[in-house]
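# Fold and geometry: a report
So you can see what is in the structure, the chains are spelled out below.
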Amino acid sequence: MKITITKDDVDYALASSSWDLGNQVLYSLCQDHPNHDRDDAIIAKVWLIGRSYAAAIERRKNADDTSDDFYETTVVEKIKKSTLDQWLAALPDKMTDPWTELGSIITVHKRLMDLFSAMTGLEKRSLASKYLHFHRPDLFFIYDSRAKEAVSKVTPRLNQIKSITTEDQDWEYYSFCRRAQCMREDISTCFHKNLNPRQLDKILLRITDKIRKARTAGSRVP
């Protein structure tokens, strides 16, 4: 069953929120410390973003050291040795041709996801999207299971949505980005508003809440 996005949903996305200040702290942290050459900055960003968004990197397979040791050795060492800063620097300054430029964005997400997986033995798809989003909030869509469910309810079947050319991809995030960009274009066409990834996420979370309440009540989502 498809769900229709309403003007009220769009107005909600554009309005201020009680969560804005907390998110701004994380945006400012990444803006003030964009690079990955300092141990304390790496730890602060991975720790605070992961914990704030229920995607902590210390949740991992076969943990045989403390969380502090894991951050101070494994996380710092692998991120500093990576070329994450080069990946981010190669991205466009702003998105002008989404269906083309999303290819490099999806590729960077896959590379960071692989880096996190090497540390944890787990797929850290959600953490990778959120970590990258706070560094480049204009480019990276915020992925988690709730957003995935919601975006599938407001967009056509995937084979009816444009493809994106990438060097490398995680299929889940690739599919999610196709749907999210389709959703963004539909909102622009219907309501003449160009929403950023944070605003799209607010709508998706609102839809998730509607779905949950409808299931509890045994009714249909309007």
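Provided above is the structure to which this section pertains.
Residues numbered from 1 in each chain as written. Predicted model: local features only at pLDDT ≥ 70, side-chain atom pairs only at ≥ 80, totals over all residues. Heavy atoms only, no water.

## A short note on the overall build of the protein
The condition that has to hold: The way it works is that DSSP assigns letters per residue, a run of H or I at least four long becomes a helix, a run of E at least two long becomes a strand, and they are numbered from the N terminus. We compute the radius of gyration over the C-alpha atoms and compare it with the globule rule, which gives 2.2 Å times the number of residues raised to the power 0.38. Each residue is assigned to one of three classes by its accessible area relative to the maximum for its type, calculated with a 1.4 Å probe on protein chains only: buried under 20%, partly exposed between the two thresholds, exposed over 50%.
Scanning the protein from N- to C-terminus turns up 10 helices and zero strands. Along the protein, helices and strands appear, N-terminal first, in the series α-α-α-α-α-α-α-α-α-α. Computed over C-alpha atoms, the radius of gyration of the protein comes to 18 Å, within 12% of the 17 Å expected from 2.2 N^0.38 for 222 residues, which places it in the range of a compact globule. Oriented by its inertia axes, the alpha-carbon framework of the protein measures out at about 50 × 40 × 30 Å. Taking all 222 residues of the protein together, the buried fraction comes to 49%.

## Regarding the side chain of Asp 201
Keep this limit in mind: Contact criterion: two residues are considered in contact whenever any of their non-hydrogen atoms come within 4.5 Å of each other.
Here Asp 201 is to be found in helix 10 (residues 197-217). Discounting chain neighbours no more than four positions away, the residues touching Asp 201 are Ile 142 and Ala 147.

## As for the pattern of salt bridges
For clarity, the threshold we go by: Salt bridges are counted wherever a side-chain nitrogen of Lys or Arg sits within 4 Å of a carboxyl oxygen of Asp or Glu.
A full pass over the atoms with the stated rule returns 20 salt bridges. One salt bridge in this structure joins Glu 77 and Lys 81, with 3.1 Å as the shortest N-O distance. Pair noted here: Glu 77 and Lys 81 are both in helix 4 (residues 67-81), with a separation of four residues, about one helical turn. On the accessibility criterion, Glu 77 (42% relative accessible area) is partly exposed. The exposure class assigned to Lys 81 is exposed, which follows from its relative accessible area of 66%. The salt bridge involving Asp 170 is made with Arg 125; its shortest N-O contact spans 2.5 Å. Note that Asp 170 is positioned in the loop between helix 8 (145-154) and helix 9 (171-191) and Arg 125 in helix 7 (residues 125-135), a separation of 45 residues in sequence. Here Asp 170 and Arg 125 have matching classes, each one buried. Look at the salt bridges and you will find they share partners, linking Asp 8, Asp 9, Arg 206 and Lys 210 into a network.

## A look at helix 6 (residues 98-120)
The test is simple: One less than the number of residues in a helix, times 1.5 Å, gives the span that helix is expected to have.
In a regular helix each residue adds 1.5 Å, so 23 residues correspond to 33 Å; helix 6 covers 32 Å between its end C-alpha atoms and thus fits that length. Among the 23 residues of helix 6, 17 are classified as buried, and the element is accordingly described as predominantly covered. Of the residues trailing helix 6, Gly 121 is marked for its positive phi of about 75°.

## Details of the packing of helix 3 (residues 39-52) against helix 4
This is how the line gets drawn: Axis lines are fitted through C-alpha atoms, for helices just across the contact stretch, and the angle between N-to-C directions can take any value from 0 to 180 degrees. Convention used here: angles under 35 degrees read as roughly parallel, angles over 145 as roughly antiparallel, angles from 65 to 115 as roughly perpendicular, and any remaining angle as oblique. Side-chain classes follow a simple rule in which Ala, Val, Leu, Ile, Met, Phe, Trp, Tyr, Cys and Pro form the nonpolar group, Asp, Glu, Lys and Arg form the charged group, and the remainder, Gly included, forms the polar group.
Their axes nearest at 10 Å, the elements helix 3 and helix 4 cross at an angle of 100°. Classified by the interaxial angle, the pair formed by helix 3 and helix 4 is roughly perpendicular. Contact residues: Asp 39, Ile 42, Ile 43, Val 46 and Trp 47 in helix 3; Tyr 71, Glu 72, Val 75, Val 76, Ile 79 and Lys 80 in helix 4. When the residues that make up the contact of helix 3 with helix 4 are grouped by side-chain class, the tally is eight nonpolar, no polar and three charged.

## Section: helix 3
With 14 residues, helix 3 extends 20 Å between its outermost C-alpha atoms, agreeing within 8% with the 20 Å of an ideal straight helix rising 1.5 Å per residue. Every buried residue of helix 3 is listed here: Ala 41, Ile 42, Ala 44, Lys 45, Val 46, Ile 49 and Gly 50. Looking at the buried residues of helix 3, the elements they touch are helix 2 (20-32), helix 4 and helix 7. Just beyond helix 3, the residue with positive phi is Ala 54, at close to 50°.

## Brief notes about the packing of aromatic side chains
Stated precisely, the cut-off is as follows: Pairing of aromatic rings covers Phe, Tyr and Trp, the last counted by its six-membered ring, and requires centre-to-centre distances within 6.5 Å; plane angles under 30 degrees mean stacked, over 60 mean edge-to-face, and any other angle means tilted.
According to the stated counting rule, one finds eight aromatic pairs in the structure shown. Residues Tyr 27 and Phe 134 carry aromatic rings whose centres are separated by 4.7 Å and whose planes lie at 45° to one another, so their mutual orientation is tilted. With Tyr 27 in helix 2 and Phe 134 in helix 7, this residue pair connects regions lying 107 residues apart in the sequence. Each member of the pair, Tyr 27 together with Phe 134, is buried. A connected cluster of aromatic rings, assembled from ring pairs, spans Tyr 27, Tyr 53 and Phe 134.

## Remarks on the nonpolar core
This is how the line gets drawn: Take the buried Ala, Val, Leu, Ile, Met, Phe, Trp, Tyr and Cys residues and link them wherever side-chain atoms come within 4.5 Å; each set so joined is a nonpolar core.
Of all hydrophobic cores here, the largest spans 63 residues; its most connected members are Ile 57, Val 75, Ile 79, Phe 116, Met 183 and Ile 203. Setting aside residues no more than four positions away along its own chain, Val 75 makes contact with Ile 42, Val 46, Ile 57, Phe 70 and Met 119.

## Structural notes on the environment of Ile 203
Its place among the elements puts Ile 203 in helix 10. Along the sequence, Ile 203 and Lys 162 sit 41 residues apart, while their C-alpha atoms lie 22 Å from each other. Ignoring anything within four residues of it in the chain, the contact list for Ile 203 reads Ile 5, Asp 9, Val 10, Ala 13, Met 183, Ile 187 and Leu 195.

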